[in-house]
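A structural walkthrough
The lines below spell out each chain.
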Amino acid sequence: MLRRPKKKQNIQTALQRYVDSVNREDFSTPPTLKDEGRQSSISYYRIGDLIFGVEGVADIISYTLNGGLTSLASDYEEYFSLGEVAVSGNQ
C-alpha cells in the first residue's frame, strides 16, 4: 500500500501532465488570427478519472477544481497552472 505522501505525489504528477497537455506549447509566439476565439479547458470529470487512476486510490468521496465543481476554460492567450493539491483520507 502506498503511503499518503507518495499518493499525493503521484496524483500531483498525473494532474501536472494533464495540465501540460491542455496548455498550448509555445507562449513565445503570439496567437494568430486563426487562434482567435479558441479556448482550452480542464475537464472536472477528467480530473476525477486521473485521481482514480493513481495506484493506491480506492475511492474518491469529493474534490474541487479551483474551489468549484465545474470544468475550467481559458482563452488561447491564457494558460493553466497547477496550484495546491491537498489529499486527505484513510491509508
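Keep in mind that this is a model prediction, so the values were computed, not measured.

1. Re the overall build of the protein chain
- When helices and strands are tallied, the protein chain shows 2 helices and 2 strands.
- Counting all 91 residues of the protein chain, 29% fall into the buried class.
- Taking all contacts inside the protein chain whose residues are at least 6 apart in sequence as the whole, residues at least 24 apart take part in 72%.
- Carbon and sulfur atoms provide 47% of the accessible area of the protein chain, an area that totals close to 6,800 Å².

2. Concerning the pairing of strand S1 (residues 39-42)
- Alternating residues of S1 divide into Ser40 and Ile42, all buried, and Gln39 and Ser41, none buried.
- Relative to strand S2 (residues 72-75), S1 runs antiparallel, the two being bridged by 4 bridges. The partner of Ser40 across the bridge, within S2, is Ser74.

3. Concerning the packing of aromatic side chains
- Under the defined criterion, the tally for this structure stands at 2 aromatic pairs.
- Each ring, one from Tyr44 and one from Tyr45, has its centre 5.4 Å from the other, and the planes form 90 degrees; the classification is edge-to-face.
- When the ring of Tyr44 is compared with that of Tyr63, the centres are 4.4 Å apart and the planes differ by 15 degrees; the resulting orientation is stacked. With a gap of 19 residues between them, Tyr44 in helix H2 (residues 44-52) and Tyr63 in the loop between H2 and S2 connect regions that are remote in the sequence.
- A cation over a ring is seen here: Arg46 above Tyr18, with NZ or CZ 6.0 Å from the ring centre.

4. Structural notes on the side chain of Ser74
- Checked against the element boundaries, Ser74 lands in strand S2.
- Its relative accessible area of 4% is what places Ser74 among the buried residues.
- Those residues in contact with Ser74 that lie beyond four places of it in its chain are Arg38, Gln39, Ser40 and Phe80.

5. Quick notes on the environment of Ser21
- By secondary structure assignment, the location of Ser21 is in helix H1 (residues 4-22).
- By relative accessible area, Ser21 is classed as exposed at 55%.
- A C-alpha to C-alpha distance of 10.0 Å links Ser21 and Ile42, two positions 21 residues apart in sequence.
- Of note is the side chain of Ser21, whose polar atom sits 2.7 Å from the backbone oxygen of Tyr18.

6. Re the confidence of the model for the protein chain
- Residues of the protein chain with pLDDT of at least 70 account for 78%, and the chain-wide mean is 84.
- Per-element mean pLDDT across the protein chain ranges from 85 in S1 up to 95 in H2.

Criteria and thresholds
Residues numbered from 1 in each chain as written. Predicted model: local features only at pLDDT ≥ 70, side-chain atom pairs only at ≥ 80, totals over all residues. Heavy atoms only, no water. Helix = DSSP H or I, 4+ residues; strand = E, 2+ residues; numbered from the N terminus. Buried < 20%, exposed > 50% of the residue type's maximum accessible area, 1.4 Å probe, protein only. Contact = heavy atoms within 4.5 Å. Areas by Shrake-Rupley, 256 points an atom, 1.4 Å probe, with all protein chains shown as cover. Pairing = 2+ DSSP bridges. Phe/Tyr/Trp six-rings, centres within 6.5 Å; stacked < 30°, edge-to-face > 60°. Lys NZ or Arg CZ within 6 Å of the ring centre and 35° of its normal. Polar contact = N/O pair within 3.5 Å; in protein donor to acceptor, adjacent residues only side chain to side chain. pLDDT = per-residue confidence, 0-100.

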